[in-house]
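Spelled out, the chains give:
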Amino acid sequence: MKDYISERAIKIANYIIQNNATVRQTAQSFGVSKSTVHKDVAERLLYINPHLAAEARKVLDVNKSERHIRGGLATREKYLHQNEEKICRSH
């Protein structure tokens, strides 16, 4: 594995742990795809630093278990704002 990939995997894992970040947030922050973030943490990091990989995995597992809640809240906010706009337009 190339050095820059190993370094990126470590930086990504540290970012996830420090910021309690999702795969999507991490990918956006590092300018890589969600697949790359997942592969770095789930596969590559296991060979580089298994302890760090386990810590990052814990955060990602919590985020994954809560994503349906965040999605529901986002949908609720979307419709609340749409209804507010309709009310404003009707007055």
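Please read these numbers as outputs of a predicted model, since none were measured by experiment.

Participant: Please explain the overall build of the chain as it appears in this structure.
Facilitator: In terms of helices and strands, the chain carries 4 helices and 0 strands. In the chain, the succession of α and β elements from N to C terminus is α-α-α-α. For the chain, with 91 residues in total, the buried portion stands at 23%. For the chain, contacts bridging at least 24 residues in sequence account for 59% of all contacts bridging at least 6. If you sum the accessible surface of the chain, you get close to 6,700 Å²; carbon and sulfur atoms cover 53% of it.

Participant: Can you help me understand the pattern of salt bridges in this one?
Facilitator: Oppositely charged side chains are able to pair whenever their charged atoms sit close together. Scanning the entire structure with this criterion turns up 5 salt bridges. Among the salt bridges present, the one from K39 reaches E43, with a minimum N-O distance of 3.6 Å. Taken together, the residues span about one helical turn, with K39 and E43 both in helix α3 (residues 34-48) at a distance of 4 residues. Given a relative accessible area of 36%, K39 falls into the partly exposed group. Put simply, R8, D40 and R44 are held in one network by salt bridges that share partners.

Criteria and cut-off values
- Residues numbered from 1 in each chain as written.
- Predicted model: local features only at pLDDT ≥ 70, side-chain atom pairs only at ≥ 80, totals over all residues.
- Heavy atoms only, no water.
- Helix = DSSP H or I, 4+ residues; strand = E, 2+ residues; numbered from the N terminus.
- Buried < 20%, exposed > 50% of the residue type's maximum accessible area, 1.4 Å probe, protein only.
- Contact = heavy atoms within 4.5 Å.
- Areas by Shrake-Rupley, 256 points an atom, 1.4 Å probe, with all protein chains shown as cover.
- Salt bridge = Lys/Arg side-chain N within 4 Å of Asp/Glu carboxyl O.

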